[in-house]
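Each chain, letter by letter, is given below.
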Amino acid sequence: MESAKPQKEHEFLSRIVGDWVMTASSGYEGYDPTDPAQRFTETVSSVGGLWIIGNGSGKMPDGSIMTAVITVGFDPAKGHFVGTWVGSMMTYLWIYKGWLEDDGKTLTLEAEGPSFDGSGRVDTYHDVLVLHDDNHRGFSGSVRQPDGSFKTFMTSEFRRKA
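Note that the structure is a prediction, hence the values are computed from the model and not measured.

Reading guide: rules and limits
Here the residue numbering is sequential within each chain, running from 1 through the sequence in written order. Under the rules for a predicted model, residues below a pLDDT of 70 receive no local features and side-chain atom pairs below 80 are neither given nor counted, while totals for whole chains, interfaces and linings still include all residues. Side-chain descriptors were evaluated using all non-hydrogen atoms of the structure, hydrogens and water having been removed beforehand. In this analysis, rings of Phe, Tyr and Trp, with Trp reduced to its six-membered ring, are considered paired at centre separations within 6.5 Å, and the interplanar angle assigns stacked below 30 degrees, edge-to-face beyond 60, and tilted for intermediate values. The classification of residues rests on relative accessible area computed with a 1.4 Å probe and restricted to protein chains. Under 20% of the type maximum is buried, over 50% is exposed, and intermediate values are partly exposed. By definition, any uninterrupted DSSP run of H or I lasting at least four residues is a helix, any uninterrupted run of E lasting at least two residues is a strand, and each is numbered from the N terminus. We call a charge positioned over a ring when the NZ of a Lys or the CZ of an Arg lies within 6 Å of the ring centre and within 35 degrees of the ring normal. To form a nonpolar core, buried Ala, Val, Leu, Ile, Met, Phe, Trp, Tyr and Cys residues must be joined to one another through side-chain atoms within 4.5 Å. When checking whether two residues touch, look at their non-hydrogen atoms; a contact exists if any pair is within 4.5 Å.

Colleague: For this particular structure, what's the right way to read the packing of aromatic side chains?
Modeller: Between two aromatic rings, the relevant description is the distance of the centres plus the angle of the planes. Per the stated rule, a full pass over the model turns up seven aromatic pairs. Ring geometry for Tyr92 against Trp94: centres 4.9 Å apart, planes inclined by 70°, an arrangement best described as edge-to-face. When its relative accessible area of 33% is taken as the criterion, Tyr92 is described as partly exposed. Between Trp94 and Tyr125 the ring centres are 5.1 Å apart and the planes differ by 90°, which places this aromatic pair in the edge-to-face class. One end of the pair, Trp94, is in strand 6 (residues 94-100); the other, Tyr125, is in strand 8 (residues 122-133), and 31 residues separate them in sequence. Overall, the relative accessible area of 9% leaves Trp94 in the buried class. Ring pairs connect the aromatic residues Tyr92, Trp94, Phe116, Tyr125 and Phe153, which therefore count as one cluster. Arg137 extends its terminal NZ or CZ atom over the ring of Phe158, reaching a point 4.4 Å from the ring centre.

In structure tokens:
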């Protein structure tokens, strides 16, 4: 088998590699990224130029400490981005199918998972990463509503650590 070679979709992922700090987040009033006790950070590394792995950790609004791992790559055979997300606050493995929006700076990752209301229903979620520039990015989470629209339940902004 011949080794895979990075494609244009992988170039987008390579721009996310590095160390990041969250500078703002909805639902986290009073968050201070300069306070080490509150700071949420993420280190994103590359695996062969084909995958990224992000390791994040920080204090949640309720005071608990969380860690999370995201993996994202592009599968040319499937024609879309693929990935996973796990977090220390839940036992569910999120499996992503994603696409780069026409603007070339927005990656939408779609996954099905348990409803937040605990009903056992499965909902469709979008995690959206927007690369504003090489040193600033946004991230948001939304869930599909009964009418088919998506309602955002969290947003955050990150800057590359110097």
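Colleague: Explain the nonpolar core here, please?
Modeller: Side chains of a nonpolar character, in soluble globular proteins, are inclined to be buried together. Among the nonpolar cores identified, the biggest contains 28 residues, and Leu13, Ile16 and Val72 are the most heavily contacted of them. Secondary structure elements with two or more residues in this core: helix 1 (8-14), strand 1 (18-25), strand 4 (65-75), strand 5 (80-87), strand 6, strand 7 (106-114), strand 8 and strand 9 (136-144). The biggest single contributor to this core is strand 4, with five residues. Not counting residues up to four positions away in its chain, the partners in contact with Val72 are Leu13, Leu50, Trp51, Ile52, Phe81, Val82, Gly83, Leu107 and Leu109.

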